[in-house]
Amino acid sequence: MKMVKTTLAMLTAAAVLGAAGMAHAGATLDAVKKKGFVQCGVSDGLPGFSVPDAKGNYQGIDVDICRGVAAAVLGDASKVKYSPLTAKERFTAIQSGEVDVLSRNTTWTSSRDGGMGLVFTGVTYYDGIGFLVNKKLGVASAKELDGATICIQAGTTTELNVSDYFRSNGLKYTPITFDTSDESAKSLEAGRCDVLTSDQSQLYAQRIKLGSPDDWVVLPEVISKEPLGPLVRRGDEDWMAIVKWTLFAMLNAEELGVDSKNVEALAKETKNPDVARMLGADGEYGKDLKLPKDWVVQIVKQVGNYGEVFERNIGKGSELKIERGLNALWNKGGLHYAPPVR
């Protein structure tokens, strides 16, 4: 009898927990629809990734992820409000519900994905930590930096990775930490440190802010894996799926030759079954994500496919002029690979 009571209690508890989980699922989506915008956590000013222009309009590859989410959910990519966050502030902001999604050059790691109540939804940009130095220092390799003073942004994975690299190579260094990336770059330019270290993408972005960008060079070594991507809170699978599939939609669109210029025409006349499914001309795949039938059309029409987003913000069409490299599609020698819409 005691065993029966115990079993019944366990089943009741499981049912309660299951009901609570179901009640919580979709909470962010419902809240976003009710308020009419996506609250997006971005960096505190990183060219190419998230930075306001002269009119205060945010631009960048991280910004475009949030614009894509707004286009999918609300049908309008402009329905986004931005919260600029430092590296120290970013996780508290998403954990507390201050922002709906954190799209802020953040590295996917086990502790962040498993121990903070958060979950990564994909990789927006494959990166790695590097070093920026003045050419007059006469350094051609990171292995020549023994005894250097290094500017590092606090609260990032860079601190541990640099420590590991110098220790494993028998080198010594003196770290100086700062709360923001701009403070780090200004200190480098002022001579407070010999080297600025960060993700290579961030080094290219900071270099163009310096007084004489051509005087500075990014060293060839990449000392870590830094897959950067958006985060959402755990426990809301509906919202996680939407943010994840927004990126997948951009990647699939590029792979299938669908861009902002031809997407509306293809949605009406394509003979390609993969394109027809993705653009809502065949099937009702938007329902699975609790999205309208034309959700991918709205993302691509208003924001672009992944290739367009990359080139406009950090590629050949930008000041940064970063090569696609690892960020090319899987069938072009890169790492980006998205599951199909079907």
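A quick note: this is a predicted structure, and the numbers were derived from the prediction, not measured.

Enquirer: Could you give an account of the nonpolar core, with specific residues and numbers?
Expert: Residues Val73, Val101, Trp239, Val258, Leu279, Trp295 and Ile314 are the most contacted members of the largest nonpolar core, which totals 57 residues. Breaking this core down by element, the ones donating at least two residues are α2 (27-35), β1 (38-43), α3 (61-74), α9 (237-255), α11 (273-278), α12 (295-302) and α13 (306-313). The element contributing the most residues to this core is α9, with eleven residues. In contact with Val73, not counting residues within four places along its chain, are Leu29, Val32, Lys33, Trp239, Ile242 and Leu291. In terms of nonpolar packing, the next biggest core, distinct from the first, is built from 16 residues, Val133, Val139, Leu145 and Tyr165 among them.

Enquirer: An account of the confidence of the model for the protein chain is requested, with residue identities and associated values reported.
Expert: Any region with low pLDDT has predicted coordinates that should not be read closely. The predicted model of the protein chain has a mean per-residue pLDDT of 91, with 93% of residues at 70 or higher. pLDDT under 50 marks residues 1-25. Its contacts with residues more than four places away, or in other chains, come to seven contacts.

Enquirer: Describe the domain arrangement of the protein chain, and please don't skip the residues or the numbers.
Expert: Domain annotation for the protein chain reports domain 1 (25-124 + 227-329) and domain 2 (127-224). Distance between the C-alpha centres of domain 1 and domain 2: 29 Å. Carbon and sulfur atoms make up 58% of the surface buried where domain 1 meets domain 2, a total of about 1400 Å² over both sides. In terms of surface lost to domain 2, no three residues of domain 1 exceed Leu46, Lys88 and Leu320, which account for 26% of the buried area on that side. The interface formed by domain 1 and domain 2 holds one salt bridge in total. One salt bridge connects Lys88 with Asp179, and the closest N-O pair in it is separated by 3.1 Å. Taken together, the connections running from domain 1 to domain 2 amount to four residue pairs in polar contact (both at pLDDT 80 or more).

Enquirer: Describe the packing of α3 against α12, and please don't skip the residues or the numbers.
Expert: Contact geometry for α3 and α12: axes closest at 8 Å, N-to-C directions at 140°. Put simply, α3 runs oblique to α12. Read as a crossing pair, α3 and α12 show a hand that is right-handed. For the pair formed by α3 and α12, the contact residues are Arg67, Gly68, Ala71 and Ala72 on the first element and Trp295, Gln298, Ile299 and Gln302 on the second. In the contact of α3 with α12, the residues fall into four nonpolar, three polar and one charged.

Enquirer: So what's going on with the pattern of salt bridges? Which residues, and what values?
Expert: Between side chains of opposite charge, a pair can form as their charged atoms come close. Inspection of every chain in the model, using the stated rule, returns 13 salt bridges. Residue Lys290 pairs with Asp238 through a salt bridge whose shortest N-O separation is 3.6 Å. Here Lys290 is found in the loop between α11 and α12, whereas its partner Asp238 is found in helix α9, with 52 residues between them in sequence. Note on Lys290: relative accessible area 46%, which makes it partly exposed. Among the ionic contacts, a cluster of salt bridges with common partners joins Asp64, Arg67 and Arg312.

Enquirer: Quick one: what's the story with the packing of α3 against α9, residue by residue and with numbers?
Expert: With their axes 9 Å apart at the nearest point, α3 and α9 run at an angle of 110° to one another. When the axis of α3 is compared with that of α9, the two are roughly perpendicular. Across the interface between the two elements, Asp64, Ile65, Gly68, Val69, Ala72 and Val73 of α3 pack against Trp239, Ile242, Val243, Thr246, Leu247 and Met250 of α9. Its residues assigned to classes, the contact of α3 with α9 shows nine nonpolar, two polar and one charged.

Enquirer: So what's going on with the sheet that holds strand β11 (residues 195-199)? Residues and values would help.
Expert: Across the sheet, which stays open at both edges, the five strands sit in the order β10-β9-β11-β8-β12 with mixed pairing between neighbours. Looking at the sheet topology across the chains shown, the edges are occupied by β10 (173-178) and β12 (216-218). Neighbour to neighbour, the strand axes of the sheet diverge by 30° on average, direction disregarded. Summarising the sheet, strand β8 (residues 129-134) and β11 pair through five bridges and their orientation is antiparallel. Opposite Gly130, over in β11, you have Ser198 as the bridge partner. With respect to the sheet, helix α8 (residues 200-207) is in contact with β8, β9 (148-153), β11 and β12, its orientation differing from that of β11 by roughly 125°.

Enquirer: Which residues make up α2, and what are the values?
Expert: Those residues of α2 that sit buried are Thr28, Leu29 and Val32. The buried residues of α2 occupy an angular sector of 100° when projected down its axis, which confines them to one face. In α2, the exposed positions that point more than 90 degrees away from the buried face belong to Asp30 and Lys34. Of the surrounding elements, those touching the buried residues of α2 are β1, α3, β14 (231-233) and α9.

Rules used throughout
- Residues numbered from 1 in each chain as written.
- Predicted model: local features only at pLDDT ≥ 70, side-chain atom pairs only at ≥ 80, totals over all residues.
- Heavy atoms only, no water.
- Core = buried A, V, L, I, M, F, W, Y, C linked by side-chain atoms within 4.5 Å.
- Buried < 20%, exposed > 50% of the residue type's maximum accessible area, 1.4 Å probe, protein only.
- Helix = DSSP H or I, 4+ residues; strand = E, 2+ residues; numbered from the N terminus.
- Contact = heavy atoms within 4.5 Å.
- pLDDT = per-residue confidence, 0-100.
- Domains from an automatic or database assignment.
- Buried area = accessible area lost by both parts, 1.4 Å probe.
- Salt bridge = Lys/Arg side-chain N within 4 Å of Asp/Glu carboxyl O.
- Polar contact = N/O pair within 3.5 Å; in protein donor to acceptor, adjacent residues only side chain to side chain.
- Axes fitted to C-alpha atoms, helices over the stretch in contact; angles between N-to-C directions.
- Parallel < 35°, antiparallel > 145°, perpendicular 65-115°, else oblique.
- Left-handed = near helix turned anticlockwise from the far one by under 90°.
- Nonpolar A, V, L, I, M, F, W, Y, C, P; charged D, E, K, R; others polar.
- Pairing = 2+ DSSP bridges.
- Arc of directions from axis to C-beta.

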